[in-house]
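Reading the structure
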Amino acid sequence: MKRITKSNCLSRNSRILLKTSFWGHAFNDMYWVIIPVVLPIIKSEFKLNYSMSGLLLTSYTLMGAFGSLITGYLGDKTGRRFILSWGFFLGSLALVLCAISKTYWQLFFALLLLGVGISAFHPSMIAVISTNFTSKRGTTLGIFQFWGWVGTFLVVGVISSFLEFFLNWRGLLLILSVPGFIFAPLFFRLLKDLTVQEQKIPPSEKNPQEKLILPLLLFLIANIFFIASYTALINFIPTYLVEEKSMSPSLAGYFFLIVIGGGFLGTILSGKASDRISSLLTLLIFVGIAAPAIIILTFLRNYFFILISLIIFGFSYSGVWAPQQDYLAEKTPSHLRGGIYGLTFFLANTVSATSPGITGIIADKTGLSNALRILALPLFLSLILIFSIKKREER
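These remarks concern the structure in this document. Treat the numbers as computed from the prediction; the structure is a model and nothing was measured.

Conventions adopted
Residues numbered from 1 in each chain as written. Predicted model: local features only at pLDDT ≥ 70, side-chain atom pairs only at ≥ 80, totals over all residues. Heavy atoms only, no water. Helix = DSSP H or I, 4+ residues; strand = E, 2+ residues; numbered from the N terminus. Rg over C-alpha atoms; globule rule 2.2 N^0.38 Å. Buried < 20%, exposed > 50% of the residue type's maximum accessible area, 1.4 Å probe, protein only. Contact = heavy atoms within 4.5 Å. Axes fitted to C-alpha atoms, helices over the stretch in contact; angles between N-to-C directions. Parallel < 35°, antiparallel > 145°, perpendicular 65-115°, else oblique. Left-handed = near helix turned anticlockwise from the far one by under 90°. Nonpolar A, V, L, I, M, F, W, Y, C, P; charged D, E, K, R; others polar. Patch = residues over 30% accessible without salt bridge, like charges linked within 9 Å, V, L, I, M, F, W, Y side chains within 5 Å. Areas by Shrake-Rupley, 256 points an atom, 1.4 Å probe, with all protein chains shown as cover. Salt bridge = Lys/Arg side-chain N within 4 Å of Asp/Glu carboxyl O. Expected span 1.5 Å × (residues − 1). Phe/Tyr/Trp six-rings, centres within 6.5 Å; stacked < 30°, edge-to-face > 60°. Lys NZ or Arg CZ within 6 Å of the ring centre and 35° of its normal.

Brief notes about the overall build of the protein
For the protein, the helix and strand inventory stands at 17 helices and zero strands. Taking 21 Å as the expected radius of gyration for a compact globule of 395 residues, we find that the protein reaches 21 Å, a close match to that expectation. Projecting the C-alpha coordinates of the protein onto the three principal axes gives extents of approximately 60 × 50 × 30 Å. Relative to its 395 residues, the protein shows a buried fraction of 54%. Contacts in the protein between residues far apart in sequence, at least 24 positions, make up 83% of those at least 6 positions apart.

Overview of helix 14 (residues 321–331)
The element helix 14 is extensively covered by neighbouring structure, given that nine of its eleven residues are classed as buried. Listed as buried for helix 14 are Trp321, Ala322, Pro323, Gln324, Gln325, Asp326, Tyr327, Leu328 and Ala329.

Quick look at the packing of helix 9 (residues 213–234) against helix 15 (residues 337–366)
Relative to each other, helix 9 and helix 15 sit at 40 degrees, their axes nearing to 8 Å. Here helix 9 is positioned oblique relative to helix 15, judged by the angle of their axes. Handedness of the helix 9/helix 15 crossing: right-handed. Of the residues in helix 15, those in contact with Leu220, Ile224, Ile227, Ala228, Thr231 and Ala232 of helix 9 are Leu343, Thr344, Leu347, Ala348, Val351, Ser352, Ser355 and Thr359. Of the residues contributing to the contact of helix 9 with helix 15, the split by class is nine nonpolar, five polar and no charged.

Let's talk about a nonpolar patch on the surface
Taken together, Phe82, Trp86, Phe89, Phe181 and Phe188 make up a surface patch of nonpolar side chains, about 470 Å² in accessible area. Looking at the nonpolar patch, the elements with two or more residues in it are helix 3 (80–100) and helix 7 (169–190). Broken down by element, the nonpolar patch gets its largest block of residues, three residues, from helix 3. Along the chain, the position of Phe82 falls in helix 3.

Observations concerning helix 5 (residues 121–132)
Taking 1.5 Å per residue as the helical rise, helix 5 with its twelve residues ought to reach 16 Å, and the 16 Å between its terminal C-alpha atoms agrees with that figure. Within helix 5, twelve of the twelve residues are buried, leaving the element largely enclosed by the surrounding structure. Listed as buried for helix 5 are Phe121, His122, Pro123, Ser124, Met125, Ile126, Ala127, Val128, Ile129, Ser130, Thr131 and Asn132.

Some points on the pattern of salt bridges
Under the criterion given, the structure shown has four salt bridges. Two residues, Arg170 and Glu45, come together in a salt bridge whose shortest N-O distance is 2.5 Å. On the criterion of sequence distance, the pair formed by Arg170 in helix 7 and Glu45 in helix 1 (residues 12–46) is long-range, its members being 125 residues apart. The exposure class of Arg170 is buried, given its relative accessible area of 16%. Here Arg80 ties to Asp76 by a salt bridge, and the two come within 2.6 Å at their closest N and O atoms.

As for the packing of aromatic side chains
Across all of its chains, the model carries 32 aromatic pairs by this definition. Taking the centre distance of 5.5 Å and the plane angle of 85 degrees together, the rings of Trp86 and Phe89 count as edge-to-face. Residue Trp86 and its partner Phe89 are both found in helix 3; the two are separated by three residues, about one turn of the helix. Of the residues examined, Trp86 reaches a relative accessible area of 52% and is grouped as exposed. Three or more aromatic residues joined by ring pairs make a cluster, and in this case those are Trp23, Phe27, Phe88, Phe121, Phe144, Phe146, Trp147, Phe153, Phe183, Phe187 and Phe264. Across the ring face of Phe82, the terminal group of Arg81 is positioned such that the distance to the ring centre comes to 5.7 Å. One residue, Arg81, lies across the ring of Phe188, its end atom 3.6 Å from the ring centre.

Shown next as structure tokens:
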């Protein structure tokens, strides 16, 4: 496959590949979030306690984290075509196995397989896009992220609201497994030119410059800081609104959807900004507006202003990913890019898994409002690191 630059227009195959990647992102993210949506029904049917229920979520979340690290590396070495195809196949197969599971441990091991399957998509697909669609790369990555939010919205805002109209949770998982079986052969065909034998590695990329190692290390640490802050709030938004702002659980759920609404806008604008200014400056802006939004939220009582604060937070949270991925594409060689993206997703998922527990411990000691204020501080540390990288590159 030729790299798509300003000097040549998109071929028919490239247009189809992009559209398929967008829809693939939507369904892959649906696979990520569907289990928490149906967990209450699973808990009731299998008569599980909270520990056993939590173990189910932890199983595929951690498998997804480690899987991202491995599949990103394997995609670079063996070909992203195979990783993406097998990822969707395994993810869909895992949903079928979940749907027909009769015991807790059958469901547990099926979810481990689901974690393996869904871990394959992000590192390799983003590497394909960032390497082969270099014209307006930030905008393309922003649209790609937009479709991930579409998948999340469909599960959280639509499917969860009408779950009772489906046959049951098993029927729902069987229905959702179908697209993955379609995407598997489709990606295998569309990416046929991206086998490891056919990838040409430019001589300049064979030995990455050592001077990039420190900025990339600082950048990854900055990512850990802002992900810790974002996940601290996003996991506790419904609980916080109910307990601290005296909302009903149903109203708090609608307010949570507002975060997703802000996310739709943030994905598109951050990608365009990354192309027009720079990825680092865009990241500084989007991370910079999150900390005030979180801190101000903890002092608000008026529902309208709470709504505005949550929109800003969702806008910021969704807007960091396109410039993050654009920056990594600028600084990493194409034949190592899947592994680098895999590392970032491994760190993101690991932090996302541990941040809520840390938030809970701090909240037990200081109260939930104070905990959210404290956990906004890593955003400032992230800003300092990103700013230092930017100044270093301007020298």
